[in-house]
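Commentary on secondary and tertiary structure
Read off the chains here:
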Amino acid sequence: MNARDLLVEVRRELEPLNSSVLNCRFIRMAERGELKVEDLRSFVENQLYIVSHDARSIALMAARATHAEESVYFADLARADLEALRALVEMAEELGASRGPVQSLKVVPHAVDYTHFLAFLAAHRNPGEQAFALIVNLPVWSAACARLLGAVRERYGLRRTRFLELFSSVPSWVEERGLQVCERYVAEHADSMRFFARLIQSYELSFWEALGGG
């Protein structure tokens, strides 16, 4: 099995889980205009914690990679996260969310499980497992951000939404180059790649459920 075939298979297996993300209570409430400003602040503050740590984790993936194309791929992903972090600070300013040190953020523990799992992947797993988890996860995160973007513009009149705009689509290179990274590992690690893909999507769901109360 090659990496692309594995990706198609895993995405099919994860359709129910991914559907749960996209139909979570938080997004549905946002689209109905039922969220409070404090709910949006919670989204932003938890994302400040997550994105700042994710950028470090992905930079660690780049540093630990053993092949040049792997390092460049993860470095490009880390740069994208840093750009998103700057946009997130702008969104936090508009919402009056905390922008202080990490200990000042109102972090919801289960909302940030994702970033701790990504740190585990960065420190302990190979580039194929890391890249595969990310290319499974990012399109679903992106679709959720696109839904939330439409809601906050229409229902809440937010202006500084570049964070959600940046994540509302996934550049084609993320999957194309990610699969090239995965190809070197898929023959020996297909089972673990599938396993970690399911875990990262479970943690994605945890984020949304923790914010929306289930």
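Below is a short write-up of the structure.

1. A word on the side chain of D76
- Residue placement: D76 occurs in helix α5 (residues 68–95).
- A relative accessible area of 19% places D76 in the buried class.
- In contact with D76, other than residues within four places in its own chain, are W173 and R177.

2. Regarding the side chain of Q130
- Assignment of secondary structure puts Q130 in helix α7 (residues 127–156).
- Since its relative accessible area comes to 1%, Q130 is described here as buried.
- In contact with Q130, other than residues within four places in its own chain, are M61, R64, F74, L121, A122 and R125.

3. Details of the state of the cysteines
- A full pass over the atoms with the stated rule returns 0 disulfides.
- The thiol of C145 is unpaired, and the distance to the nearest cysteine sulfur, on C24, comes to 11 Å.
- Looking at C145, the relative accessible area reads 0%, which means it is buried.

4. So, the nonpolar core
- Ranked by size, the top nonpolar core spans 76 residues in total, and within it F43, F132, F163 and W208 carry the most contacts.
- Ranked by residues supplied to this core, first place goes to α7 with 15 residues.
- Contacts of F163, omitting those with residues within four sequence positions, involve F43, Q47, V51, A84, A87, L88, M91 and W141.

5. A look at the packing of helix α1 (residues 3–13) against helix α10 (residues 186–212)
- Relative to each other, α1 and α10 sit at 25 degrees, their axes nearing to 11 Å. As the angle between them shows, α1 and α10 are arranged roughly parallel. Of the two elements, α1 crosses α10, and the hand of that crossing is right-handed. Counted together, A3, L6, E9, V10 and E13 of α1 and V186, A190, M193, R194, A197 and R198 of α10 form the full contact between these two elements.
- Considering only residue class, the contact of α1 with α10 consists of 7 nonpolar, no polar and 4 charged.

6. Notes on the layout of surface pockets
- In this structure, the largest pocket encloses a volume near 490 Å³.
- Looking at the largest pocket, it is lined by 26 residues, and the ones nearest its centre are A80, D81, L138, W141 and F167.
- Elements that contribute at least two residues to the lining of the largest pocket include exactly α4 (37–64), α5, α6 (113–124), α7, α8 (162–167), α9 (172–183) and α10.
- Residues that form the lining of the largest pocket fall into these classes: 18 nonpolar, 4 polar and 4 charged.

7. Notes on the environment of M91
- In this fold, M91 is placed in helix α5.
- Between the alpha carbons of M91 and N2 there is a distance of 41 Å; along the sequence they are 89 residues apart.
- Sequence-distant contacts of M91, that is, excluding residues within four places in its chain, are made with V44, L158, R160, F163 and L164.

8. A look at the environment of E93
- Inspection of the secondary structure assignment puts E93 in helix α5.
- E93 gets classed as partly exposed once you look at its relative accessible area, which sits at 37%.
- Residues E93 and A210 lie 117 residues apart in sequence; the distance between their C-alpha atoms is 23 Å.
- When sequence neighbours within four positions are dropped, the list of residues in contact with E93 reads R99 and R160.
- Within polar-contact distance, the side chain of E93 engages the side chain of R160 at 2.8 Å.

9. Remarks on the pattern of salt bridges
- Evaluation of the coordinates by the stated rule reveals 16 salt bridges.
- Measuring nitrogen to oxygen at the nearest pair gives 3.6 Å for the salt bridge that ties E83 to R162. With E83 in helix α5 and R162 in helix α8, the pair connects residues that are 79 residues apart, well separated along the chain.
- Of the charged contacts in the structure, one is a salt bridge between E165 and R153, with a shortest N-O distance of 2.7 Å. With E165 in helix α8 and R153 in helix α7, this pair connects stretches of sequence that are 12 residues apart.
- Using a relative accessible area of 34% as the deciding quantity, one classes E165 as partly exposed.
- What makes R153 partly exposed here is its relative accessible area of 45%.
- Because the salt bridges share partners, they merge into one network encompassing R4, R11 and E175.

Calculation notes
- Residues numbered from 1 in each chain as written.
- Predicted model: local features only at pLDDT ≥ 70, side-chain atom pairs only at ≥ 80, totals over all residues.
- Heavy atoms only, no water.
- Helix = DSSP H or I, 4+ residues; strand = E, 2+ residues; numbered from the N terminus.
- Buried < 20%, exposed > 50% of the residue type's maximum accessible area, 1.4 Å probe, protein only.
- Contact = heavy atoms within 4.5 Å.
- Disulfide = S-S within 2.5 Å.
- Core = buried A, V, L, I, M, F, W, Y, C linked by side-chain atoms within 4.5 Å.
- Axes fitted to C-alpha atoms, helices over the stretch in contact; angles between N-to-C directions.
- Parallel < 35°, antiparallel > 145°, perpendicular 65-115°, else oblique.
- Left-handed = near helix turned anticlockwise from the far one by under 90°.
- Nonpolar A, V, L, I, M, F, W, Y, C, P; charged D, E, K, R; others polar.
- 1 Å grid on protein atoms, 1.4 Å probe; cavity = no way out; pocket = protein on both sides within 12 Å on 5 of 7 lines; lining within 4 Å.
- Points joined across faces, edges and corners; volume = space filled by probe spheres on them.
- Polar contact = N/O pair within 3.5 Å; in protein donor to acceptor, adjacent residues only side chain to side chain.
- Salt bridge = Lys/Arg side-chain N within 4 Å of Asp/Glu carboxyl O.

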